[in-house]
Amino acid sequence: MVTSAVTLTVKDYKSDVKPTWCPGCGDFAVLSATYKALADLQLRTERVVIVSGIGCSSRIPYFLSTYGVHSLHGRALPMASGVKLANPDMTVMVMGGDGDMFAIGAGHMPHAASRNLDLTTVCMDNQIYGLTKAQASPTSKIGQVTKSTPYGVAAKPINPLLTVLAAGATFVARGYSAKPKMLAELFVAGIKHKGFSFIHVISPCTEFNNTYSFYDAQATDLPADWDKSDLQKAMGLAITEEKPHLGVWYETERPVLDQVLHSLEKEIKPFDTSAYLKRFE
């Protein structure tokens, strides 16, 4: 993490491109929290990369003055992994929606978590495919009526927190777009964490799945004495919670993949192609 010698403010992280999201979209709060977190950490814009996939939320790199990659659908994590391994001093954030990360990109999530690359991953979960006009997503609730499920969703929804906890993520948190101050604090904590951090954000879609009233009534903070080192307790809550809990669910330390791999560079030996091929003669 490389900080700035001059004091940067929120406006320094804003690009000239104005967000095109619908009025009231939860992603506005995520963008604002990202500006605030980067300013709080005084990260130089040229030392930050925002990588996204495809979807409404994945347009976020356009609205920041940092480096950004609007990559392929579901492929933000592989792209970000390459960026981080090639540029270990860069701060790399992966930002996208529930469809991008837990449908077409679902295969990448557990492996990224288990490898413990130093990435900050933000999932903006609106429980709907908004960009393609309201089909069910992998986190849509059972019975939810959408354009692709006129009689209600029949499949059990993916549990993002349980998925990454089981896979080995070393920082797991949940925020809510209607609580922007907490959201910025979670982003700061996730970026400062060394390893794979995953922040699940309840980010309602006002156009196709407006859940603000529901989550305003249901969302609750984790208890003040919550032990964020207790993986079993975090997984138990992810399985049984009746109301969505906000805050840092779990945090631990273990070797970070990019540091481990780069530490092996000193052991690199010249590769003799001819000698290797002779093994097959």
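Draft legend 1. Focus on the overall build of the chain. Along the chain, the regular secondary structure elements total 10 helices and eight strands. Taking 281 residues into account, the globule formula puts the C-alpha radius of gyration at 19 Å, and the chain, at 20 Å, falls close to it. Its C-alpha atoms give the chain principal-axis dimensions of about 65 × 50 × 40 Å. Evaluated residue by residue, the chain yields a buried proportion of 49% over its 281 residues. Partitioning the contacts of the chain with sequence separation of at least 6, the portion at a separation of at least 24 is 71%. Looking at the chain as shown, the accessible area adds up to about 13700 Å², and 57% of this sits on carbon and sulfur atoms. Between the averaged position of the 27 positive side-chain charges in the chain and that of its 26 negative side-chain charges there is a distance of 2 Å.

Draft legend 2. A look at the sheet that holds strand β4 (residues 120-125). Pairing is mixed across the open sheet formed by eight strands, whose spatial order is β2-β1-β3-β4-β6-β5-β8-β7. Every other strand in the sheet has two partners, leaving β2 (67-70) and β7 (220-221) as the edge strands with one partner each. Two strands pair when backbone bridges link them, and strand β5 (residues 171-176) and strand β8 (residues 245-251) are joined in this way by four bridges, in the antiparallel orientation. By the bridge assignment for β8, F171 is matched with E251. Contacting β1 (48-52), β3 (91-97), β4 and β6 (197-202), helix α1 (residues 27-41) crosses the sheet at an angle of about 175° to β3.

Draft legend 3. Seen up close, the nonpolar core. Membership of the largest hydrophobic core comes to 41 residues, with the highest contact counts inside it found for V30, L38, I60, M95, V122 and F187. The element contributing the most residues to this core is α1, with nine residues. Leave out the neighbours within four places in its chain, and I60 touches W21, V30, L31, I50, M95 and M124. Within the second largest apolar cluster, 33 residues are counted, among which are M109, L237, A238 and W249.

Draft legend 4. Structural context of the packing of aromatic side chains. Enumeration over the complete set of coordinates arrives at eight aromatic pairs. Measuring from ring centre to ring centre gives 5.3 Å for W21 and F28, while their planes differ by 90°; the resulting arrangement is edge-to-face. For W21, a relative accessible area of 9% puts it in the buried group. Ring centres 5.4 Å apart and planes at 50° place the aromatic pair F271 and Y276 in the tilted group.

Draft legend 5. View of the pairing of β8. Counting buried positions along β8 gives six out of seven residues, so the element sits mostly inside the fold. Of the strand pairs in this sheet, β7 and β8 are connected by two bridges, and their pairing is parallel. Residue pairing for β8: T220 is matched across the bridge by H245. In this view, the connection linking β7 to its parallel neighbour β8 by way of helix α8 (residues 231-240) has right-handed handedness.

Draft legend 6. Examining α8 more closely. Listing the buried residues of α8 in full gives A234, L237 and A238. The buried residues of α8 occupy one face: seen down the axis, they fall within an arc of 100°. Seen from the open side of α8, the exposed residues pointing more than 90 degrees away from its buried face are Q232, I239 and T240. Lining the buried residues of α8 we find α5 (160-167) and β8. For α8, the side-chain oxygen to backbone nitrogen distance between the N-cap and Q232 is 3.2 Å, and the N-cap itself is D230.

Draft legend 7. Just the pattern of salt bridges, in detail. For the coordinates displayed, the defined rule picks out eight salt bridges. Among the ionic pairs, K194 bridges to D118, the shortest N-O distance being 2.8 Å. Placement of K194 in the loop between α6 (180-192) and β6 and of D118 in the loop between α4 (108-115) and β4 is noted, with a sequence separation of 76 residues between them. Where E251 meets K228, a salt bridge forms, and the shortest distance between an N and an O atom there is 3.3 Å. Of this pair, E251 sits in strand β8 while K228 sits in the loop between β7 and α8, placing them 23 residues apart in sequence. Overlapping salt bridges, with partners in common, bring together K84, D118 and K194 in one network.

Draft legend 8. The arrangement of the packing of α1 against α6 in detail. For the pair α1 and α6, the least separation of the axes is 8 Å and the interaxial angle reads 50°. Here α1 lies oblique to α6, going by the angle between them. Seen from above, α1 lies across α6 with right-handed handedness. Contacts between α1 and α6 involve A29, V30, A33, T34, K36, A37, L38, D40 and L41 from the first element and P180, L183, A184, F187, V188, I191 and K192 from the second. Its residues assigned to classes, the contact of α1 with α6 comprises 12 nonpolar, one polar and three charged.

About the thresholds
Residues numbered from 1 in each chain as written. Predicted model: local features only at pLDDT ≥ 70, side-chain atom pairs only at ≥ 80, totals over all residues. Heavy atoms only, no water. Helix = DSSP H or I, 4+ residues; strand = E, 2+ residues; numbered from the N terminus. Rg over C-alpha atoms; globule rule 2.2 N^0.38 Å. Buried < 20%, exposed > 50% of the residue type's maximum accessible area, 1.4 Å probe, protein only. Contact = heavy atoms within 4.5 Å. Areas by Shrake-Rupley, 256 points an atom, 1.4 Å probe, with all protein chains shown as cover. Lys, Arg positive; Asp, Glu negative; His and termini not counted. Charge placed at Lys NZ, Arg CZ, Asp CG, Glu CD. Pairing = 2+ DSSP bridges. Axes fitted to C-alpha atoms, helices over the stretch in contact; angles between N-to-C directions. Core = buried A, V, L, I, M, F, W, Y, C linked by side-chain atoms within 4.5 Å. Phe/Tyr/Trp six-rings, centres within 6.5 Å; stacked < 30°, edge-to-face > 60°. Right-handed = clockwise from strand over helix to strand, strands pointing away. Arc of directions from axis to C-beta. Polar contact = N/O pair within 3.5 Å; in protein donor to acceptor, adjacent residues only side chain to side chain. Salt bridge = Lys/Arg side-chain N within 4 Å of Asp/Glu carboxyl O. Parallel < 35°, antiparallel > 145°, perpendicular 65-115°, else oblique. Left-handed = near helix turned anticlockwise from the far one by under 90°. Nonpolar A, V, L, I, M, F, W, Y, C, P; charged D, E, K, R; others polar.

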